[in-house]
Amino acid sequence: DQQVKQNSPSLSVQEGRISILNCDYTNSMFDYFLWYKKYPAEGPTFLISISSIKDKNEDGRFTVFLNKSAKHLSLHIVPSQPGDSAVYFCAASSQGGSEKLVFGKGTKLTVNP
Amino acid sequence: ETGVTQTPRHLVMGMTNKKSLKCEQHLGHNAMYWYKQSAKKPLELMFVYNFKEQTENNSVPSRFSPECPNSSHLFLHLHTLQPEDSALYLCASSQTVAYNEQFFGPGTRLTVL
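Residues numbered from 1 in each chain as written. Chains lettered and ligands numbered in written order. Predicted model: local features only at pLDDT ≥ 70, side-chain atom pairs only at ≥ 80, totals over all residues. Heavy atoms only, no water.

### Describing the overall build of chain A
Helix and strand counts for chain A come out as zero helices and eleven strands. If you list the helices and strands of chain A from N to C, you get β-β-β-β-β-β-β-β-β-β-β. Expressed as lengths along the three principal axes of its C-alpha atoms, the size of chain A is roughly 40 × 25 × 20 Å. The long-range share in chain A, meaning contacts at least 24 apart out of those at least 6 apart in sequence, stands at 55%. Summed over its atoms, the accessible surface of chain A is roughly 5500 Å², and 49% of this surface lies on carbon and sulfur atoms. Charged side chains in chain A number 12 positive and 10 negative. The centres of these two groups are separated by 4 Å. (Helix = DSSP H or I, 4+ residues; strand = E, 2+ residues; numbered from the N terminus. Contact = heavy atoms within 4.5 Å. Areas by Shrake-Rupley, 256 points an atom, 1.4 Å probe, with all protein chains shown as cover. Lys, Arg positive; Asp, Glu negative; His and termini not counted. Charge placed at Lys NZ, Arg CZ, Asp CG, Glu CD.)

### Points about the interface of chain A and chain B
Accessible area lost when the parts come together is the quantity often used to give the size of an interface. At the junction of the two partners, chain A supplies 19 residues and chain B supplies 18 residues. For the pair chain A and chain B, the summed buried surface comes to about 1400 Å²; carbon and sulfur atoms form 59% of the total. Three residues stand out in chain A for area buried against chain B, namely Pro-44, Lys-100 and Phe-103 of chain A, and they jointly supply 37% of the buried area on that side. The interface formed by chain A and chain B includes one salt bridge. Seen at the junction of chain A and chain B, the total is four residue pairs in polar contact (both at pLDDT 80 or more). Among the elements that make up the side of chain A that touches chain B, the one with the highest residue count is strand S4 (residues 32-38) of chain A (four residues). Split into classes, the residues belonging to the side of chain A that touches chain B amount to eight nonpolar, six polar and five charged. (Buried area = accessible area lost by both parts, 1.4 Å probe. Salt bridge = Lys/Arg side-chain N within 4 Å of Asp/Glu carboxyl O. Polar contact = N/O pair within 3.5 Å; in protein donor to acceptor, adjacent residues only side chain to side chain. Nonpolar A, V, L, I, M, F, W, Y, C, P; charged D, E, K, R; others polar.)

### Some points on a nonpolar patch on the surface
On the surface, a nonpolar cluster with roughly 230 Å² of combined accessible area is contributed by Ile-18, Ile-20 and Val-78 of chain A. Within the secondary structure, Ile-20 of chain A is located in strand S3 (residues 19-25). (Patch = residues over 30% accessible without salt bridge, like charges linked within 9 Å, V, L, I, M, F, W, Y side chains within 5 Å.)

### As for the packing of aromatic side chains
Enumeration according to the criterion identifies ten aromatic pairs over all chains in this entry. A centroid spacing of 6.1 Å and a plane angle of 75 degrees characterise the contact between Tyr-36 of chain A and Phe-46 of chain A, whose relative ring orientation is edge-to-face. Linking Tyr-36 of chain A in strand S4 with Phe-46 of chain A in strand S5 (residues 45-51), this pair joins segments that are ten residues apart in sequence. Plain terms: the ring middles of Tyr-35 of chain B and Phe-104 of chain B are 5.4 Å apart, the flat faces sit at 50 degrees to each other, and that makes the pair tilted. Residue Tyr-35 of chain B is located in strand S4 (residues 31-37), and its partner Phe-104 of chain B is located in strand S10 (residues 103-104); the two are separated by 69 residues in the primary sequence. Judged on exposure class, the residue Tyr-35 of chain B and its partner Phe-104 of chain B are both buried. Ring-pair connections join several aromatic residues into one group, and the members of that group are Tyr-36, Phe-46 and Phe-103 of chain A together with Tyr-33, Tyr-35, Tyr-99 and Phe-104 of chain B. (Phe/Tyr/Trp six-rings, centres within 6.5 Å; stacked < 30°, edge-to-face > 60°. Buried < 20%, exposed > 50% of the residue type's maximum accessible area, 1.4 Å probe, protein only.)

### Points about the sheet that holds strand S6 (residues 56-59) of chain A
Residue and element names in this part refer to chain A. Here five strands make up an open sheet; going across it, the order is S1-S3-S8-S7-S6 and the pairing antiparallel. Edge positions in the open sheet fall to strand S1 (4-5) and S6, since each of these has one partner strand only. Pairing analysis gives four bridges linking S6 to strand S7 (residues 62-67), with the strands arranged antiparallel. Bridge pairing in S7 links Glu-58 to Thr-63. (Pairing = 2+ DSSP bridges.)

### Regarding the pattern of salt bridges
One side chain can pair with another of opposite charge once the charged atoms of both are near each other. Throughout the structure, instances matching the rule amount to five salt bridges over all chains. Across the pair Glu-56 of chain B and Lys-100 of chain A runs a salt bridge whose closest N-O atoms are separated by 3.6 Å. Highlighted residues: Glu-56 of chain B in strand S6 (residues 53-57) and Lys-100 of chain A in the loop between strand S9 (86-93) and strand S10 (102-103), drawn from two different chains. The salt bridge partner of Asp-85 of chain B is Arg-63 of chain B, with a shortest N-O separation of 2.7 Å. Residue Asp-85 of chain B is located in the loop between strand S8 (73-79) and strand S9 (87-94), and its partner Arg-63 of chain B is located in the loop between S6 and strand S7 (64-70); the two are separated by 22 residues in the primary sequence. Each of Lys-37, Arg-61 and Asp-84 of chain A takes part in a single network of salt bridges with overlapping partners.

### Details of the nonpolar core
Among the nonpolar cores identified, the biggest contains 23 residues, and Phe-33, Trp-35, Leu-73, Leu-75 and Tyr-88 of chain A are the most heavily contacted of them. Of all the elements in the fold, those that place two or more residues in this core are S3, S4, S5, S7, strand S8 (72-77), S9 and strand S11 (107-112) of chain A. Sorting elements by how many residues they give to this core places S9 of chain A first, with four residues. Contacts of Tyr-88 of chain A, omitting those with residues within four sequence positions, involve Gln-6, Leu-21, Trp-35, Tyr-36, Lys-37, Leu-47, Leu-75, Ile-77, Gly-106, Thr-107 and Leu-109 of chain A. In this structure, Phe-47, Phe-64, Leu-76 and Leu-78 of chain B belong to the second largest nonpolar core, which totals 22 residues. (Core = buried A, V, L, I, M, F, W, Y, C linked by side-chain atoms within 4.5 Å.)

Right, here's the structure in full:
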């Protein structure tokens, strides 16, 4: 059974608008969450993370929101740019991130010019 | 070369072949990892090495045999694979075993005929 779910395999957004990527998890022991970005023919690269002691973390155009009661997190990209087109993976860990990561299947984001 | 490199980038092999995947990291890290990403499945951890010693085997079949001769190099030896082993194999490294601080290579796309 999947512990980390990204229910939208793909998302298409217009340049300049907001992109919202969603992730749900089932394991209440998860307390550290990460987003990775992957371009074709490249490995995943770390984008942003959040600890369960926070409900929001922001880095430039990227903001991650965590709703612990709903076991849900989301990544907001504002404004979206064509270069943001990639596959985005959500990952979760326990013990403050010291345990192995459990990944979602990914959401392919396409930002149209 | 910088970061984490993997060779070959693409590999096609028959079920009776023996082949090896190579990973090299140029980051001075001490921990290295093998991950597998099958089609429409999440990224899954296979093996972890720390200072050349295997610290985790995530119930991987014995037809996959890892080798870590030093902290910079990691191999995955393949023999008598099955078509369902076709996947993207990703290598990653980190300073110590820290799942939330991994740098990934570009991966080897393996096809087993």
